[in-house]
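Residue-level listing of the chains:
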2 protein chains.
Amino acid sequence: MVRVILLGGGNLASHLAKAFSNSSEIELTQIFNRTLSHIIDNKDIAPVTDSLDELLEADICVICTSDAAIDCISQKLMHKNCLIVHTSGATSMDVLQNKRKGVFYPLQSFTKDAVIDFSKIPFCLETNNAEDYLLLEKMALAIATKVYTMSSVQRKKLHIAAVFVNNFVNYMYHIGEDICNKNGIPFEVLYPLIQETAEKIQYLSPKVAQTGPAVRKDKKTVALHESQLEANEKLIYTLLSEAISNNN
Amino acid sequence: MVRVILLGGGNLASHLAKAFSNSSEIELTQIFNRTLSHIIDNKDIAPVTDSLDELLEADICVICTSDAAIDCISQKLMHKNCLIVHTSGATSMDVLQNKRKGVFYPLQSFTKDAVIDFSKIPFCLETNNAEDYLLLEKMALAIATKVYTMSSVQRKKLHIAAVFVNNFVNYMYHIGEDICNKNGIPFEVLYPLIQETAEKIQYLSPKVAQTGPAVRKDKKTVALHESQLEANEKLIYTLLSEAISNNN
């Protein structure tokens, strides 16, 4: 039984509170938030408090606040003997000044009110000693199945990769939708292709899966497409086509 | 019962032959290919031939060859009275010089040997008269459920949109994989995020679904990421981040 205190009242904290309280491996000892009203709905699953001075004994404190608040909260936990972890992808472990520290980062974009199935979400774990790693891993495996060891440096690189495969991919969808809207084409025509593209790379490396005029070096089609695009979309089309041609 | 002659021996033709022969609404009258050996395996589901002079009577001839061969084959079918359609996304209907003509374009990237479920693939249909449209639609609905009316102009625009949501998206995956490989991170960590990004836009417009440092105008994170990227990837990161910042 791992005794866990959860600090934070946001979206991720609320999902984690539910998952922890549903696990037989975890005792959700307490939930803290500066604004009590944000966590009061959780009072049936664990004791709630808005005072850091009233924290109970636990094995792990999970700081699940905004990135900016991690430093401040961790300093107020300097007297605690337990493992202190944060849940931020963009924050180094060493922002925590506690003796026993770690990172417990679920890689996913959380949509408010959506049901979250942690068994499908990868968790990236880091600690500064092997014993604490086992403890953190035990907590992670109580609610998740995909658990990875990842250093702060790797996590930063992963965040950049995620910008490409999530934020920039979504922007490609945005441009696709714009082109459809301008031409009276329902965007839903593209859903199956979008889905297939996302699924294919799970069994075929994207380098091998690349198709289209740029990788075929079909300059005629590339030029035809460019001639129909507006300034901004044309710039993107040209840069990405050149990169694909040169990289494959 | 729609009588269909299929012309072509490639990947799509082979998938269509199976689907047509499995439909109770369609009589697959004949399959033609210049090289008989490519279609000989189909001789149990329909008569095969390598001679255009031996084509039987039918309601629709489906030209399912390379784009370059469409013009040539359609000219050799000038004497036929039936509806002549091609299956190319990138080719205008008017490349066909036949009196009754149309387009029957399945929007999907076909992987050789993969099982194709036409019920999930959108078909874009075009003809030059309403009566032929009904005939073509009847054939399409015999094997598909997602059927859209689309002019040659719209189809060209759709092809450009598909380059963004398929080819360019795959290239974003490629860059993401490169960053992972260079840093000892298993690319599979990103699969759930990739999947969620692709699914989300089916209920939320990509314009609304946009997340990440660029849309938050978080210049500090953007600069931090740029400083860690190599020349080519940095160019792409900068251009896309600026476009997202300016467009949202």
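The sections below set out a description of the structure shown in this document.

Cut-offs applied
Chains are numbered independently. Their residues run from 1 in the order of the written sequence. All chains are assigned letters beginning with A, and all ligands numbers beginning with 1, in the order in which they are written. Thresholds applied to this predicted model are a pLDDT of at least 70 for local features of residues and 80 or more for the giving and counting of side-chain atom pairs; totals over whole chains, interfaces and linings are not thresholded and use all residues. The basis for every side-chain value is the complete set of heavy atoms in the structure, and neither hydrogens nor water enter the calculation. Only residues with pLDDT of at least 70 in both copies contribute their C-alpha atoms to the least-squares superposition of the copies. Residue contacts are counted whenever heavy atoms from the two residues lie within 4.5 Å of one another. Note on definitions: the grid is 1 Å and covers protein atoms alone; a cavity is a set of points where a 1.4 Å probe fits but cannot get out; a pocket is an open set with protein on both sides within 12 Å along at least five of seven lines; lining residues have an atom within 4 Å of a point. Grid points are joined across faces, edges and corners, and a volume is the space filled by probe spheres set on the points. Only runs of H or I of at least four residues qualify as helices and only runs of E of at least two qualify as strands under DSSP, and these elements are numbered from the N terminus. All residues other than Ala, Val, Leu, Ile, Met, Phe, Trp, Tyr, Cys, Pro, Asp, Glu, Lys and Arg, Gly among them, are scored as polar; the first ten of these are nonpolar and the last four charged. Take a side-chain nitrogen of Lys or Arg and a carboxyl oxygen of Asp or Glu: if they are within 4 Å of each other, that pair is a salt bridge. The buried label goes to any residue with under 20% of its type's maximum accessible area, the exposed label to any with over 50%, and the partly exposed label to all in between, with areas taken from a 1.4 Å probe on protein chains only. The arc refers to the directions leading from the helix axis to the C-beta atoms. To count toward a patch, a residue needs a relative accessible area over 30% and no salt bridge; like charges are then connected within 9 Å, while nonpolar side chains (Val, Leu, Ile, Met, Phe, Trp, Tyr) are connected within 5 Å. For accessible areas, the Shrake-Rupley method is used with a probe of radius 1.4 Å. Any residue's cover is judged against the shown protein chains and nothing else. Criterion used throughout: strands pair if DSSP finds at least two bridges between them. Between the N-to-C directions of two axes lies an angle of 0 to 180 degrees, each axis being a line fitted to C-alpha atoms and, for a helix, fitted only over the stretch in contact. In protein, a polar contact means a hydrogen-donor-capable atom and an acceptor-capable atom, both N or O and within 3.5 Å, with residues adjacent in sequence counting only if both atoms are side-chain atoms; elsewhere, any N or O pair within 3.5 Å suffices. Oblique is the label for any angle not under 35 degrees, not over 145, and not in the 65 to 115 range, which are roughly parallel, roughly antiparallel and roughly perpendicular in turn. Should the near helix be turned anticlockwise from the far one by less than a right angle, the crossing is termed left-handed; should it be turned clockwise, right-handed.

Turning our eyes to something else, we now look at the relation of the copies chain B and chain A. The two copies are related by a screw motion: chain B maps onto chain A through a turn of 180° and a shift of 0.0 Å along the axis, at an RMSD of 0.0 Å. Taken together, the rotation and translation describe the operation of a two-fold axis. Considering only C-alpha atoms, the residue of chain B closest to the rotation axis is B:Val169, which sits at 2.7 Å. When the interface residues of chain B are mapped onto chain A, 100% of them again fall at the interface, so both copies present the same face.

With that settled, the discussion passes to empty space enclosed by the protein. In this structure the tally under the stated criterion is two cavities of 30 Å³ or more. Taken as a whole, the largest cavity holds about 60 Å³ of empty space. In terms of lining residues, the largest cavity is bounded by A:Glu196, A:Thr197, A:Lys200, A:Ala209, A:Thr211, B:Ser109, B:Asn166 and B:Asn170. Among the elements of the structure, helix H5 (191–200) of chain A together with helix H4 (152–182) of chain B are those that each provide at least two residues to the lining of the largest cavity. With three residues, H5(A) is the single largest residue contributor to the lining of the largest cavity. For the lining of the largest cavity, the residue count by class is one nonpolar, five polar and two charged. Reported here for the second largest cavity is a volume of approximately 50 Å³. Lining the second largest cavity are A:Ser109, A:Asn166, A:Asn170, B:Glu196, B:Thr197, B:Lys200, B:Ala209 and B:Thr211. Those elements that place two or more of their residues in the lining of the second largest cavity are helix H4 (152–182) of chain A together with helix H5 (191–200) of chain B. Ranked by residue count, the leading element in the lining of the second largest cavity is H5(B), at three residues. Along the lines of polarity and charge, the residues of the lining of the second largest cavity split into one nonpolar, five polar and two charged.

What follows deals with the pattern of salt bridges. Opposite charge on two side chains allows them to pair when their charged atoms are near. Under the counting rule described, the total for this entry stands at twelve salt bridges over all chains. Measuring nitrogen to oxygen at the nearest pair gives 3.7 Å for the salt bridge that ties A:Lys182 to A:Glu230. Here the residue A:Lys182 occupies a position in helix H4, and A:Glu230 occupies one in the loop between helix H7 (219–226) and helix H8 (231–247), the gap between them amounting to 48 residues. Residues B:Asp132 and B:Arg100 are paired through a salt bridge, measuring 2.7 Å at the closest nitrogen-oxygen approach. Of this pair, B:Asp132 sits in helix H3 (residues 130–143) while B:Arg100 sits in the loop between strand E5 (83–86) and strand E6 (101–106), placing them 32 residues apart in sequence. When its relative accessible area of 4% is taken as the criterion, B:Asp132 is described as buried. Relative accessible area serves as the criterion here: at 27%, B:Arg100 is assigned to the partly exposed category.

Right, let's get into helix H2 (residues 67–75) of chain B. Within H2(B), burial applies to B:Ala69, B:Ile70, B:Ile73 and B:Ser74. Looking straight down H2(B), one finds that the buried residues subtend no more than 130° of arc, so they occupy a single side.

A word on a nonpolar patch on the surface. All names here are of chain B. Nonpolar side chains collect at one region of the surface, where Tyr203, Leu204 and Val208 lie side by side and expose about 320 Å² of accessible area between them. For Leu204, the location among the structural elements is in the loop between H5 and helix H6 (206–209). By relative accessible area, Leu204 is classed as partly exposed at 30%.

A separate point is the sheet that holds strand E2 (residues 26–32) of chain B. Residue and element names in this part refer to chain B. Taken in spatial order, the eight strands line up as E3-E2-E1-E4-E5-E6-E7-E8 in an open sheet, and their pairing is mixed. Taken across any chain shown, the strands that pair with only one partner, and hence form the sheet edges, are strand E3 (48–49) and strand E8 (147–149). Two elements, strand E1 (residues 2–7) and E2, share six bridges in a ladder whose sense is parallel. By the bridge assignment for E2, Leu6 is matched with Ile31. Strands E1, E2, strand E4 (60–63) and E5 of the sheet are contacted by H2, whose axis makes an angle of about 150° with E4. Strand contacts of H4: E5, E6, strand E7 (123–127) and E8, with the helix running at about 155° to E7, the strand carrying the most contacts.

Take the side chain of A:Asn33 next. You can see A:Asn33 is positioned in the loop between strand E2 (26–32) and strand E3 (48–49). Within the local environment of A:Asn33, its side chain forms a polar contact with the backbone nitrogen of A:Gly9, the two atoms lying 3.0 Å apart.

The next subject is the pairing of E7(B). Residues and elements named next belong to chain B. With five of its five residues buried, E7 lies for the most part within the structure. Side chains Phe123, Leu125 and Thr127 of E7 all project onto a buried face; the interleaved residues Cys124 and Glu126 project onto the opposite face, where all are buried too. Direction of pairing for E6 relative to E7: antiparallel, over a ladder of five bridges. Counted as the bridge partner of Gly102 is Thr127 from E7. Pairing geometry for E7 and E8, over three bridges, is parallel.

What follows is about unusual backbone geometry. Trans is the common state for peptide bonds, and a negative phi is the common state for residues other than glycine. All names here are of chain A. Despite not being glycine, Lys217 shows a phi value in the positive range, around 55°. One can find Lys217 in the loop between helix H6 (206–209) and H7. Take Lys217: its relative accessible area is 48%, and that puts it in the partly exposed class.

Packed helices, taken two at a time, are described by the angle their axes make and the gap between the axes. At their nearest, the axes of H5(A) and H4(B) sit 10 Å apart, and the two run at 15° to each other. Between H5(A) and H4(B), the crossing angle belongs to the class labelled roughly parallel. At the point where H5(A) passes H4(B), the crossing takes the right-handed sense. For the pair H5(A) and H4(B), the contacting residues are A:Leu193, A:Ile194, A:Thr197 and A:Ala198 in the first and B:Ala162, B:Val165, B:Asn166, B:Val169, B:Asn170 and B:Tyr173 in the second. Classifying every residue of the contact of H5(A) with H4(B) by side-chain character gives seven nonpolar, three polar and no charged.

The next thing to look at is the sheet that holds strand E5 (residues 83–86) of chain A. Residue and element names in this part refer to chain A. The strand order across the open sheet built from eight strands is E3-E2-E1-E4-E5-E6-E7-E8, with neighbouring strands paired in mixed fashion. The open sheet terminates on both sides in strands that have one partner only, identified here as E3 and strand E8 (147–149). By the bridge criterion, four bridges tie strand E4 (residues 60–63) to E5 in an arrangement that is parallel. Bridge pairing in E5 links Val62 to Val85.

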